[in-house]
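# Residue-level structure breakdown
What follows is each chain in one-letter form.
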Amino acid sequence: MTQPETQQVPQAQERARTAGATAPDAAPKVEDARVSVVVMSRDRRDDLAASMRRHRAPVVFVDNASADGSPEVVRRVRPDARVVRLRENRGAVARNVGVREAATPYVAFADDDSWWAPGSLCAAADLLDAHPRVAVVQARVLVGPQEREDSFMAVLRDSPLERGSLPGPRLLGFVACGAVVRRTAFLDAGGFDPAVPFPGEEEVLTLRLAGLGRAVVYADHLVAHHHPATSRHSPDARRRAVARSALTSALLLRPWRVVGARLRASLAAGGRHHLAAALPTARQAVSALRRRRRLPAAVERDLRVVGQG
């Protein structure tokens, strides 16, 4: 059963209350001065109108060349937000722009249809302060009005990787809209890769951070809410996009046997038509191959432990 928010992070919630956190329909106050929220979006002004008021942190909004007036909506509902308008849709790379614009040591990501539970930003900052090796902390993601737990959380919670002195299960993956990153580590790793625009962009960043000796951990006491519109993406289109990202990620970082295995998996999933739709574009493939760099052996060993070898 999902615990009520008031039981999630009591100490951080008390700090948030005394800092002046307010209801979503009031002018938001800063929950913790150590954290900013970076939101990227494209043509989702209605979602933004509902979600932007909920962020209890300084907001950097990066717009991926929307044509529906999204930046104007953000300026109206969050006049304190830093708004950056891109001339073209750059996908997840928009978050890199937002992180560079942020003036805080930690950055929480949110989509246009997601937000953080009260107290979670404070608790994430406390965790990152206490554990310098940690580059990303993954929250528990609750989906939709029913607040059901995202099924991926069980996978993350049961990670088989050795955690040592880390404050939670060590991961080789995360969900961006439920993640808080250490700004310097994120930038040191290059942020999200331009060859993997969206979705599935988290894999390359996670593995590059691991290669630098930085950790991604799961923290069950942090909560992010995600209320995606049911009409946003067709399931088939999303599956093809995820497969395309997985292939591109393998071209960037993984052994050729993994590239081949992912090609065969795409073919088995949907035949030749699915494979053609799931292949990286020529531009993606060339970009990945030009910058191809294998991961350290220790990271490949960890990938075999989690069944991705």
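Residues numbered from 1 in each chain as written. Predicted model: local features only at pLDDT ≥ 70, side-chain atom pairs only at ≥ 80, totals over all residues. Heavy atoms only, no water.

Let us look at the pairing of strand 10 (residues 215-226). Among the 12 residues of strand 10, 10 are classified as buried, and the element is accordingly described as predominantly covered. Two strands pair when backbone bridges link them, and strand 5 (residues 114-116) and strand 10 are joined in this way by three bridges, in the antiparallel orientation. Bridge assignment links Trp-115 to a residue of strand 10, and that residue is His-225. Inspection of the sheet shows strand 6 (residues 134-143) paired to strand 10 by nine bridges, in the parallel sense. Along strand 10, the bridge assignment pairs Val-143 with His-226. (Buried < 20%, exposed > 50% of the residue type's maximum accessible area, 1.4 Å probe, protein only. Helix = DSSP H or I, 4+ residues; strand = E, 2+ residues; numbered from the N terminus. Pairing = 2+ DSSP bridges.)

Here we take up the packing of helix 9 (residues 235-253) against helix 11 (residues 282-290). Packing of helix 9 against helix 11 leaves a shortest axis separation of 7 Å and a crossing angle of 25°. Between helix 9 and helix 11, the crossing angle belongs to the class labelled roughly parallel. When helix 9 is examined against helix 11, the residues Arg-244, Thr-248, Leu-251 and Leu-252 are found in contact with a partner set consisting of Gln-284, Ala-285, Ala-288 and Leu-289. Among the residues making up the contact of helix 9 with helix 11, the classes are represented as five nonpolar, two polar and one charged. (Axes fitted to C-alpha atoms, helices over the stretch in contact; angles between N-to-C directions. Parallel < 35°, antiparallel > 145°, perpendicular 65-115°, else oblique. Contact = heavy atoms within 4.5 Å. Nonpolar A, V, L, I, M, F, W, Y, C, P; charged D, E, K, R; others polar.)

Looking now at the packing of aromatic side chains. Applying the stated criterion to the full structure yields three aromatic pairs. Taking 5.8 Å as the distance between ring centres and 50° as the angle between the ring planes, the aromatic pair formed by Phe-109 and Phe-192 counts as tilted. Taken together, the positions of Phe-109 in strand 4 (residues 106-110) and Phe-192 in the loop between helix 7 (183-188) and helix 8 (202-211) put the pair 83 residues apart, joining distant regions of the chain. Ring pairs connect the aromatic residues Phe-109, Phe-186 and Phe-192, which therefore count as one cluster. Just above the ring of Phe-109 sits the side chain of Arg-95; from NZ or CZ to the centre is 5.5 Å. Positioned above the aromatic ring of Phe-192, the side-chain terminus of Arg-95 is 5.1 Å from the ring centre. (Phe/Tyr/Trp six-rings, centres within 6.5 Å; stacked < 30°, edge-to-face > 60°. Lys NZ or Arg CZ within 6 Å of the ring centre and 35° of its normal.)

Here we take up the nonpolar core. Counting 34 residues, the largest nonpolar core has Phe-109, Val-136, Phe-174, Phe-192 and Leu-209 as its most contacted members. Once residues within four sequence positions are removed from consideration, Leu-209 is found in contact with Ala-135, Val-136, Ala-185, Ala-189, Arg-214 and Val-216. Counting residues in hydrophobic clusters, the runner-up holds 32 residues, among them Val-39, Val-83, Ala-110 and Ala-215. (Core = buried A, V, L, I, M, F, W, Y, C linked by side-chain atoms within 4.5 Å.)

On to the packing of helix 8 against helix 9, then. Each pair of packed helices gets described by two things: the angle between the helix axes and the distance between those axes. Orientation of helix 8 relative to helix 9, taken along the N-to-C sense of each, is 30°, at an axis distance of 9 Å. Taken together, helix 8 and helix 9 sit at an angle that is classed as roughly parallel. As helix 8 runs across helix 9, the sense of the crossing is right-handed. Listed contacts from helix 9 to Glu-203, Val-204, Leu-207 and Arg-208 of helix 8 are Ala-246, Ser-249, Leu-252 and Leu-253. (Left-handed = near helix turned anticlockwise from the far one by under 90°.)

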